[in-house]
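The primary structure of each chain is shown beneath.
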Amino acid sequence: MKAVCWMGAGKVEIQTVEDPKIINPGDAVIRVTRTAICGSDLHLFDGYIPTMESGDILGHEFMGVVEEVGTAVKKLKRGDRVVIPFTIACGSCFFCKTDLWSLCDNSNPNARICETMYGYSGSALFGYSHIYGGFAGGQAQYVRVPFADVGPIKIESDIPDEKVLFLSDIYPTGYQAAENAQIKPGDTVAVFGCGPVGLFAIASAYMFGAEKVIAIDRFPERLKLAREYCGATTIDYTAGNPSIVEALRDLSNGIGPDSIIDAVGMEAHGTDAAAFYDKIDQALMLETDRPTVLRQAIQAVRKGGTLSIPGVYGGDLDKLNFGAAFGKGITMKMGQTNMHKYLAPLLKSIEDGKIDPSFMISHRVGIEDVPDMYKIWRDKKDRVTKIVIDPFREKGIDRLRA
Amino acid sequence: MAQAAEQFDAPSFPKQGAIWKPLPKGKQGKQQAAHTVQTIRATPDQVFNLYTRIEFLPAWMEGVVSVQRLSPKKLRWLMQDPGTGKQFEFDAEEVESVPGKRYVSRVTTGPTAGTTNTLTLEAHPSGRGTVATLINVFTLPGGLFTKAVTSVVSRSPAQITIENLRHLKEVLEAGEIPSVEGQPAGRRGISGKLKQVLYGENMPMPPGTSDRARPDDLPESASKGPSKWGVLLGSAVAVAVLGSLLFVETKSDPSGESLHD
Ligand SMILES: NC(=O)c1ccc[n+]([C@@H]2O[C@H](COP(=O)([O-])OP(=O)(O)OC[C@H]3O[C@@H](n4cnc5c(N)ncnc54)[C@H](O)[C@@H]3O)[C@@H](O)[C@H]2O)c1
Ligand SMILES: [Zn+2]
Ligand SMILES: [Zn+2]
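What counts and what doesn't
- Residue positions are counted from 1 within each chain, in the order its sequence is given.
- Key to labels: chains lettered from A, ligands numbered from 1, both in the order written.
- Predicted model: local features are reported for residues with pLDDT of at least 70 only, side-chain atom pairs are reported and counted for 80 or more only, and whole-chain, interface and lining totals are derived from all residues.
- The side-chain quantities take in all heavy atoms of the structure and omit both hydrogens and water.
- Elements are defined by DSSP. Helices are runs of H or I of four residues or more, strands are runs of E of two residues or more, and each kind is numbered from the N terminus.
- Residue exposure (1.4 Å probe, protein chains only): buried if accessible area is under 20% of the type maximum, exposed if over 50%, otherwise partly exposed.
- A contact between two residues is defined here by any heavy atoms of the two lying within 4.5 Å.
- In this tally Asp and Glu are treated as negative and Lys and Arg as positive; neither His nor the chain ends contributes.
- By convention, the point assigned to a charge is CZ for Arg, NZ for Lys, CD for Glu and CG for Asp.
- We define a salt bridge as a contact between a side-chain nitrogen of Lys or Arg and a carboxyl oxygen of Asp or Glu at a distance within 4 Å.
- Any residue with at least one heavy atom within 4 Å of a molecule or strand is counted as near it.
- As used in this structure description, the phrase polar contact means that two N or O atoms lie within 3.5 Å; if the pair is within protein, one of them must be able to donate a hydrogen and the other to accept it, and residues adjacent in sequence are counted only when both atoms belong to side chains.
- In this count, Pro and Cys sit with the nonpolar residues alongside Ala, Val, Leu, Ile, Met, Phe, Trp and Tyr, while Asp, Glu, Lys and Arg are called charged and the others, Gly among them, polar.
- Domain start and stop points were drawn from an automatic or database domain assignment.

(A) Summary view of the overall build of chain A. Counting its secondary structure elements, chain A contains 13 helices and 19 strands. Taking the principal axes of the C-alpha coordinates as reference, chain A spans close to 60 × 45 × 45 Å. A burial count over chain A gives 62% of its 402 residues as buried. Long-range contacts, defined here as pairs at least 24 residues apart, represent 72% of the contacts in chain A between residues at least 6 apart. For chain A, the centre of its 44 positive side-chain charges and the centre of its 51 negative side-chain charges are spaced 3 Å apart.

Next up, the structure:
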């Protein structure tokens, strides 16, 4: 089959590799009908996540049709149409049973590496480095899915792939971000980053009863979606005049947003002096993450407010204003998304017509286009907002919002 | 505070605490101790039953090819270092066996004679299953052979202790041991090839309930030994027997061999 392979920082290639096969009795093999590139893939592409190896198959947002199932699989059969959550969970450990699916005890074959770095290991993820299990990802024509009775959600209606594909990650991720923000009806919420995760976080914040959602980014096409599809008041943080902290204070009646969501993560773009040092530090490997947005969010949130962090951080942070976090008594909630918890209710919201997640798709491409699209996605060129891949289509770029 | 008092019986003070006693760890002369603790979502009997079923040891314990019963309390172990393919044998005796609570065995022959393994089981105080503590005290005679014995799968004695109890938990809770062994990948390059072992792609994980026949699927150099694992563990059989261990509340399976009968 053809697969998107990581071949070193800044380099992905389409290679012909062996087809995946059943390894464990709970496995299924899926023929992938649609897959996507995620903001998280950029951290791999840019080389900030350790334990990637040449030849690793990328991709954790995918859906498709069941091709084959292992001997222990009961709920799925050949021909079923499914969306696969990007976190791999056993469904029976303490963590799975308490809805902390992304912290599953039993899915990561390399748990020992993660334990060395983090104390304890989270669940395995598809296509996301060997600390997270080294599972081959879904930017490929076929993919092996462990615990097939636990993760995949069946799509029984004839709803198009592209409306349900984002159940694999970014819709639940934006939704959990809003849930973690502990929003109460009437609240003001600010969201840093209007990438796919930020956009779903904005929409979800309204689902949790937010009165006003403020969205921050610098790309007009992203700010436009935030404003015109999701209903946010938008701030272009490069437009100069006030600082972000000041703008957020003014927009929240002088007290700061009740909750702030950091949907940017470790590779935040920054213009202030601290950001300049972060870039140097990160280049010298003195710090692994650039916490520009995290610092601003800590500074801007109201006293006693909540910071929700879906944006990914991988290692150590430098010069974090932890004193401000302490001094204002804020709450922080974060982590990989507990995907399995959200699949059924969010599928229902789509089938009920409350939201059409395909609103953010800007590009539909064939598999041979993927290496170029990684660069476009990284540089946010070509007004890109979300790229979906048909892995059985060789070449051809459809621009959906030309 | 007020809430806590409503939910529980409010404690009164003074209240007697305890002093923490570290579990065995580290080297002393020829002995090296290692330990690991896991909470397993299963009853103490279920954990005990799987741990003491010798025909299942190759399924979850690293480097085990087979274990045979020589007499009611004597076992012969055949191990293989997957890195080198070297096989070695030793005998062990059962020192203590209290179903659902405690199992102790000791190696009696070969250069590691004197090595003891102690598994202690207790019901989790708030109902999360079983707290399992595994303490291994390895006797290390020194030399190359020791290395083969104690660094099975290139693991340190401490790590192999941790991994073995982890695998037991994985099989009991999830019904399988997670693995990426044999999955597809693009071109690995030189460093990638080296690290494939480290990252488990061609480092043999115990097969758990899968029908990966070990050691036939090891790299060439390691695949010379006889394959008994495949015969021992067809996946359907394994799933069925594990199923009976997990879901039927029988204390011991009369048809199967069990170390405590
Ligand atoms: N927690 C999870 O489970 C999970 C799941 C998916 C993605 N993520 C993470 O969420 C983050 C966003 O993902 P995405 O797919 O939306 O990525 P993306 O790269 O498309 O979006 C990031 C957005 O942040 C904006 N941005 C950069 N610097 C900024 C700054 N200083 N202020 C305001 N905005 C800034 C960028 O312009 C971009 O639009 C990533 O870190 C990703 O890894 C987490
Ligand atoms: Zn993602
Ligand atoms: Zn689990």
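(B) Examining the pattern of salt bridges more closely. With the rule as written, the count across this model stands at 35 salt bridges over all chains. Glu115(A) is the partner of Arg166(B) in a salt bridge, and the nearest nitrogen-oxygen pair spans 2.8 Å. Highlighted residues: Arg166(B) in helix H5 (residues 157-174) and Glu115(A) in helix H3 (residues 111-118), drawn from two different chains. By relative accessible area, Glu115(A) is classed as partly exposed at 25%. Note that Glu93(B) is salt-bridged to Arg106(B), the shortest N-O span being 2.7 Å. Taken as a pair, Glu93(B) in strand E5 (residues 87-98) and Arg106(B) in strand E6 (residues 102-107) lie far apart in primary sequence, 13 residues in all. Overall, the relative accessible area of 23% leaves Glu93(B) in the partly exposed class. For Arg106(B), a relative accessible area of 34% gives the class partly exposed.

(C) The site of ligand 1, seen in detail. Residues and elements named next belong to chain A. Within the structure, ligand 1 sits among 31 residues, and Ser 40, Asp 217, Val 264, His 269 and Lys 380 are positioned closest to it. In the model, a nitrogen atom of ligand 1 is placed 3.1 Å from a nitrogen or oxygen of the Gly 335 main chain. The side chain of Thr 337 places a nitrogen or oxygen atom 3.0 Å from an oxygen atom of ligand 1. For the shell around ligand 1, the secondary-structure elements that each account for two or more residues are helix H1 (39-45), helix H6 (196-207) and strand E12 (212-217). No other element matches H1, which puts four residues into the shell around ligand 1. Here the shell around ligand 1 is composed, by residue class, of 15 nonpolar, 12 polar and four charged. Each of two domains, domain 1 (2-169 + 337-399) and domain 2 (170-334), supplies a minimum of three residues to the shell around ligand 1.

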